[in-house]
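Each chain, letter by letter, is given below.
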Amino acid sequence: MRRVLLAATALLSLAAVGHTARAAGDAPETPYIDDRSSAEAVIRSLYSAISRHEFARAWGYFGDTKPAKDFDSFVKGYDGTDKVEVATGAVSDEGAAGSIYYNVPVAIRATDKNGGEKVFAGCYTLRQVNAQAQAEPPFDPIHIEKGALKPSTVDFEGALPPSCGDGPPPPKKDTALEQAKKAFLATYGDQCDKNLLASEPETFSIKYRDKDAAASDPDREARLFHFSCSVAAYNENSIYYMSDDVSGVRQLQFTEPEMDIRYVNNDSEGKVESMHIVGFRTTGWATNSSYDKDAHTITTFNKWRGAADASSSGTYLFRNGDFSLVQYDVDASYDGEQNPQTVVDYNTAP
């Protein structure tokens, strides 16, 4: 009896590691993954070990049939390898004589210590022996039976085989989402909290009609992607990308007024004497933001201190394919109370 498992494409971005032993305090950036819960997890664990140059661990993911004639040959085969990225595709499985065999499509991008890259693709076969039938140690976990990867003539993103064995083709990629992820990582990868970089963005679909659309014209669609970037004591910063069929994927920029704020006796802790807009600027950062899918608005709320008695906040309305500033409030008084004043008000019907 054959069954089909759909495994979401997994991508490991593995940082550079040296072949020599590390100092005790020199922790590698590559995450340690040792997961035998699924065939796809074993493959991710294998390349985690290889990228960390933990070759004894990598060797241990194979069963009785090893990938080289001996361990030394296996290690030598990765001499000069700096890092490896791996993508897995749709997994198929087949039961046979107390075991389940899995076929896993795999593509890897190997980077050497000089920065050169090579892409390989192919299939791995893994075996899971029925755990209930293993009455005595040693226990035999899911392990790799064999793997056959060959150099690819296409780039890493297109190298993944559509299937192995009887596996189904992988689901169609969300091209706009993937482009937004790449743009976010390329621009903000060294500025955001590491634990947030791996999080999936919130995605929204916005259906709308152009103001000049004819009655027979179909609705258009824009996609909105909300990436969490960093969390401080009382403010969380986010980045937004949007895509449509005309402009493709682009980062949203948020218009903010530049304020000239004066205090009585120049005491910023005292009473506000006056507030004036002296210009406008844009920023890619959205602080304590959220998107209201019913109102089609992005709101921001920047606390000037933890008590939130001084702050600035903006409301950005989606109209005619883009977001525009329609309201901006400023609370410049550090008086223990929330009493914002509206300094920009374009909050009219589209």
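Look up a bit, the structure's there.
Residues numbered from 1 in each chain as written. Predicted model: local features only at pLDDT ≥ 70, side-chain atom pairs only at ≥ 80, totals over all residues. Heavy atoms only, no water.

Asker: When you look at the overall build of the protein in this model, what are you seeing that I'm missing?
Answerer: Scanning the protein for helices and strands turns up six helices and 19 strands. Looking at the protein as a whole, 40% of its 350 residues are labelled buried. Across the protein, the fraction of contacts at a sequence separation of at least 24, relative to all contacts at a separation of at least 6, is 53%. Summed over its atoms, the accessible surface of the protein is roughly 19,400 Å², and 48% of this surface lies on carbon and sulfur atoms. (Helix = DSSP H or I, 4+ residues; strand = E, 2+ residues; numbered from the N terminus. Buried < 20%, exposed > 50% of the residue type's maximum accessible area, 1.4 Å probe, protein only. Contact = heavy atoms within 4.5 Å. Areas by Shrake-Rupley, 256 points an atom, 1.4 Å probe, with all protein chains shown as cover.)

Asker: What's the story with the packing of aromatic side chains in this structure? I'm lost.
Answerer: In this description, a pair of aromatic rings is defined by centroid distance and the angle of the planes. Overall, the coordinates contain 19 aromatic pairs when judged by the stated rule. Ring centres of W59 and F71 lie 5.7 Å apart, and the angle between their planes is 80°; this geometry places the pair in the edge-to-face category. Note that W59 is positioned in helix 2 (residues 55-59) and F71 in helix 3 (residues 71-76), a separation of 12 residues in sequence. Classification of W59 as buried rests on a relative accessible area of 17%. Overall, the relative accessible area of 31% leaves F71 in the partly exposed class. (Phe/Tyr/Trp six-rings, centres within 6.5 Å; stacked < 30°, edge-to-face > 60°.)

Asker: Just to check I follow, could you spell out the side chain of E40 for this structure?
Answerer: Looking at the element boundaries, E40 is found in helix 1 (residues 39-51). In this structure E40 comes out as buried when scored by relative accessible area, which is 12%. Reaching out from E40, the side chain makes a polar contact with the side chain of R44 at a distance of 2.9 Å. (Polar contact = N/O pair within 3.5 Å; in protein donor to acceptor, adjacent residues only side chain to side chain.)

Asker: Sorry, what's going on with unusual backbone geometry here?
Answerer: Peptide bonds are mostly trans, and most non-glycine residues show a negative phi. Across the junction of P137 and P138, the peptide omega takes the value 5°, indicating a cis bond. Tracing the sequence through the fold places P138 in the loop between strand 6 (117-129) and strand 7 (143-151). Its identity as a non-glycine residue notwithstanding, H53 has a phi of 60°, on the positive side. Judged by relative accessible area, which is 12%, H53 ranks as buried. Here N266, not a glycine, exhibits a phi torsion of approximately 55°, which is positive. One can find N266 in the loop between strand 12 (254-263) and strand 13 (272-283). Owing to a relative accessible area of 75%, N266 belongs among the exposed residues under this scheme.

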